[in-house]
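# Fold and contact review
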Amino acid sequence: MKLLIVDDQRSVVQGLLHCTDWAALGFDQVEGALNAIDARASLQRREAEVMLCDIEMPVESGLDLLKWMRGEGMRTRCIFLTAYAKFQYAQEAVRLGGFDYIMQPAPYAQVIEAVEKALREVRAERASQELAGRGALFDEQKKALVWGLLRDFLMGAAAEGNLAAFEELGLIPLRGQAAWLALMQPLRWQDGRAPWDPAVLGLAVDNICGEVFAPLEVFSAAVVMPQEQTLAIVLQSREGEALERDLLARQLTYLQSACSQYLHLSAAFYLTGPEPFAKAGQMWQALLEKKSENVALKSGVYTGPGGGRAEPFHIPQIAGWRRLLQEGYPLAMEQEACQLLDQLAANNRLDRTTLRYFYQDFMRMLFTAPGPGQEGVRDMFREPDALELYRNGMKTVDDMKALIHYAALGREGSPSPDSQDQDAVALICRYVAGHLQDELRREELAEAAHLNPDYLNRLFKKEMGLTLKEYVIRQKMEEARSLLRTTALPVSLIAAKVGYSNFAHFSASYKKLYGRSPQEERQNTP
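Worth saying up front: this structure is predicted, and the values here are computed from it rather than measured.

## What to know about the overall build of the protein
- Within the protein, the secondary structure is distributed over 22 helices and ten strands.
- Counting over 526 residues, the protein shows a buried share of 43%.
- The long-range fraction of contacts in the protein, counting pairs at least 24 apart against all pairs at least 6 apart in sequence, stands at 66%.
- Counting every atom, the protein has about 27400 Å² of accessible surface; 50% of that belongs to carbon and sulfur.

## A look at the sheet that holds strand β10 (residues 300-302)
- Spatially, β7-β8-β6-β9-β10 is the arrangement adopted by the five strands of the open sheet, whose pairing is mixed. Whereas interior strands pair on both sides, the edge strands pair on one side only; in this sheet they are β7 (218-225) and β10. Going from strand to strand, the sheet's axes swing by 20° on average, the running direction of each strand aside.
- Where strand β6 (residues 178-189) and strand β9 (residues 265-276) come together, ten bridges link them in antiparallel fashion. Paired with A179 across the two strands is E275, which belongs to β9.
- Those strands touched by helix α10 (residues 280-293) are β6, β7, β8 (230-237), β9 and β10, and its axis lies near 35° from that of β6.

## Some thoughts on helix α3 (residues 36-45)
- Among all positions of α3, only A36, A39, S42 and L43 are buried. Axial view of α3: buried residues confined to an arc of 115°, hence all on one face. Exposed residues pointing more than 90 degrees away from the buried face of α3 are listed as I37, Q44 and R45.
- For α3, the elements touching its buried residues are β1 (2-6), β2 (29-33) and α4 (62-71).
- Among the residues of α3, the N-terminal cap falls to N35, whose side-chain oxygen and the backbone nitrogen of I37 are separated by 3.2 Å.

## A closer look at the packing of helix α18 (residues 453-464) against helix α19 (residues 468-486)
- At a minimum axis distance of 8 Å, the contact between α18 and α19 shows a crossing angle of 65°. Residue-level contacts link L456, N457, F460, K461 and M464 of α18 to L468, E470 and Y471 of α19.
- Of the residues in the contact of α18 with α19, the class split is five nonpolar, one polar and two charged.

## Points about the environment of M155
- With respect to the helices and strands, M155 occurs in the loop between α6 (108-154) and α7 (160-168).
- Its relative accessible area of 37% is what places M155 among the partly exposed residues.
- Considered as a pair, M155 and G281 are 126 residues apart in the sequence and their alpha carbons are 6.1 Å apart.
- Setting aside residues no more than four positions away along its own chain, M155 makes contact with M225, Q227, E228 and W284.

## Quick notes on the UniProt feature "modified residue: 4-aspartylphosphate" (unreviewed entry) in the protein
- Here, the residues flagged by UniProt with the feature "modified residue: 4-aspartylphosphate" (unreviewed entry) are D54.
- Relative to the elements of secondary structure, D54 occurs in strand β3 (residues 50-54).
- With a relative accessible area of 9%, D54 lands in the buried category.
- Ignoring any residue separated from it by four or fewer positions in sequence, one finds D54 in contact with V6, D7, D8, G62, F80, L81 and T82.

## Structural notes on the packing of aromatic side chains
- Taken as a whole and judged by the stated rule, the model has eleven aromatic pairs.
- Here the aromatic rings of F506 and Y510 are separated by 6.2 Å at their centres, their planes lie at 50°, and the arrangement is tilted. A residue pair is termed a helical-turn pair when its members lie 3 or 4 positions apart in one helix, as F506 and Y510 do in helix α21 (residues 503-514) at four residues.
- By relative accessible area, F506 is classed as buried at 0%.
- Taken together through their ring pairs, the aromatic side chains of Y500, F503, F506, Y510 and Y514 make up a single cluster.
- Positioned over the ring face of Y357 is R356, at 5.7 Å from the centre of the ring.

## Some thoughts on the nonpolar core
- Ranked by size, the top nonpolar core spans 54 residues in total, and within it W321, M333, L350, F358, F362 and M400 carry the most contacts.
- Per-element tally for this core: the top contributor is helix α15 (residues 397-409), with nine residues.
- Excluding its chain neighbours within four sequence positions, the residues that come into contact with F358 are F313, I315, W321, A337, L340, L341, L344, M400 and I404.

## Structural notes on the state of the cysteines
- All told, the structure shown has zero disulfides when counted by the stated rule.
- Unpaired in terms of disulfides, C209 finds its nearest cysteine sulfur in C259, a separation of 7.5 Å.
- We classify C209 as buried; its relative accessible area is 0%.

## Examining the sheet that holds strand β4 (residues 77-82)
- With parallel pairing, five strands are arranged side by side in an open sheet as β2-β1-β3-β4-β5. Two strands in the sheet have a free side with no partner beyond their single neighbour: β2 and β5 (100-103). Between one strand and the next, the sheet's axes are offset by a mean angle of 15°, whatever the strand orientation.
- The strands touched by α3 within the sheet are β1 and β2, with β1 carrying the most contacts at an inclination of about 170°.
- On the sheet, α4 packs against β3 and β4 and is oriented at approximately 150° with respect to β3.

## Brief notes about the pattern of salt bridges
- In this structure the tally under the stated criterion is 19 salt bridges.
- Between E49 and R126 there is a salt bridge; the shortest N-O distance is 2.6 Å. Separated by 77 residues along the polypeptide, E49 in the loop between α3 and β3 and R126 in helix α6 bring together distant segments of the chain.
- The class of R126 is partly exposed, set by a relative accessible area of 41%.
- Three or more residues are tied together by salt bridges with common partners; here these are R75, R77, E121 and E125.

Conventions used here
- Residues numbered from 1 in each chain as written.
- Predicted model: local features only at pLDDT ≥ 70, side-chain atom pairs only at ≥ 80, totals over all residues.
- Heavy atoms only, no water.
- Helix = DSSP H or I, 4+ residues; strand = E, 2+ residues; numbered from the N terminus.
- Buried < 20%, exposed > 50% of the residue type's maximum accessible area, 1.4 Å probe, protein only.
- Contact = heavy atoms within 4.5 Å.
- Areas by Shrake-Rupley, 256 points an atom, 1.4 Å probe, with all protein chains shown as cover.
- Pairing = 2+ DSSP bridges.
- Axes fitted to C-alpha atoms, helices over the stretch in contact; angles between N-to-C directions.
- Arc of directions from axis to C-beta.
- Polar contact = N/O pair within 3.5 Å; in protein donor to acceptor, adjacent residues only side chain to side chain.
- Nonpolar A, V, L, I, M, F, W, Y, C, P; charged D, E, K, R; others polar.
- UniProt positions renumbered as here; feature names shortened; annotations may be inferred.
- Phe/Tyr/Trp six-rings, centres within 6.5 Å; stacked < 30°, edge-to-face > 60°.
- Lys NZ or Arg CZ within 6 Å of the ring centre and 35° of its normal.
- Core = buried A, V, L, I, M, F, W, Y, C linked by side-chain atoms within 4.5 Å.
- Disulfide = S-S within 2.5 Å.
- Salt bridge = Lys/Arg side-chain N within 4 Å of Asp/Glu carboxyl O.

In structure tokens, the structure reads:
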């Protein structure tokens, strides 16, 4: 800590500097100043915890110095030393937050006692701030602890002692009281935005839940469930009163709208309850079943008990698709199959069971339809990526479409898969070259090639040795380097011409690729 002694009399300053062992009291720095100007310079170098200061000094008084210090936000404890017993001095010192007021001449012991008292207050304040900081840290960590405990409870892995302790503190719902459970399924990020980190998304949704359910006096918590890539929203009345399904459904609709408006995320919500919260694990499994029925990945709020047993579905056009494969028109078959999936989804007829029947009919047709390419059909799914498509085809409509596209490319009679792959890559290369001024997200490129984004990324990596993102960045940087070397355009304008609104991001990408900044590139160009 620092002690500053300010007095226009050098003898007073020297006497106070050496009147005691200030280091023993806890000061690691002790300085003297003969006027307010020198005192300001000292305080700007390092703020003092305690200051002994004369009031009447040339140019600027001690009171004016303290007023300036308070304006700068300094919390220094100021002990005034003065030979003048003027009431207005004492009054102003109190108003400015002076710590003490000592009439001179005063014994050194009195001055030292006042300094020690000021030190005790400084230490007490710092201890209080440290405790407050620890409390704030605990408040931040508390939410993560609650989320972790609720997640473990839903998965059947929470310790009884932890549950009881958190329940007693009111940090989790009461297990013996009825609760509702909702599952939030993130679907698509709007406008080609990159997906958020799950932890950040969970925090954002939890904050929105706090506002959406606050009028109902409801305990709410949005818990990230990484395994299912979902969020669990726990709801329980704080008053012990029953919560109505329609009321909660309406609030979930508000939550869905808020996610769309503020997070730019479309999502589906599934609700179940009320049940004693002790059964939350069973409730969660029921919600996962509901989620699995939404194979069309439609947004909305689903509050019903879930679909019953669906009638067996068989593809009515399957004979026509078989003929198309037999005659060597797999891409026409793909177009018709995808159109049928879209029609089923639009008419609310595409659930998990229907998609499974669709998958079974399609794979049976694929393996048995005669025609060009039949000999290689059984080898189509040997590679890991292809095997993944085969396994996931019945999970969602997007997975099924990716499988259909892969199967269509694998049949001879149309251009070979390698030829079609090369055509798709060439198309993307031309598209990138013509749109360097745009941001160029993966979803936009996939739409231009009429391919699934994940499949296109794998295809591009296979053909070009680069991911889509790496290729786009490289093309943008090559264009930027050409402009830097051949034009006098400002670097900021060049960044804009290759689709970068953030100059720092542009500069970092350029330096990562070429080992020097755009400015250095410009300077080294003859």
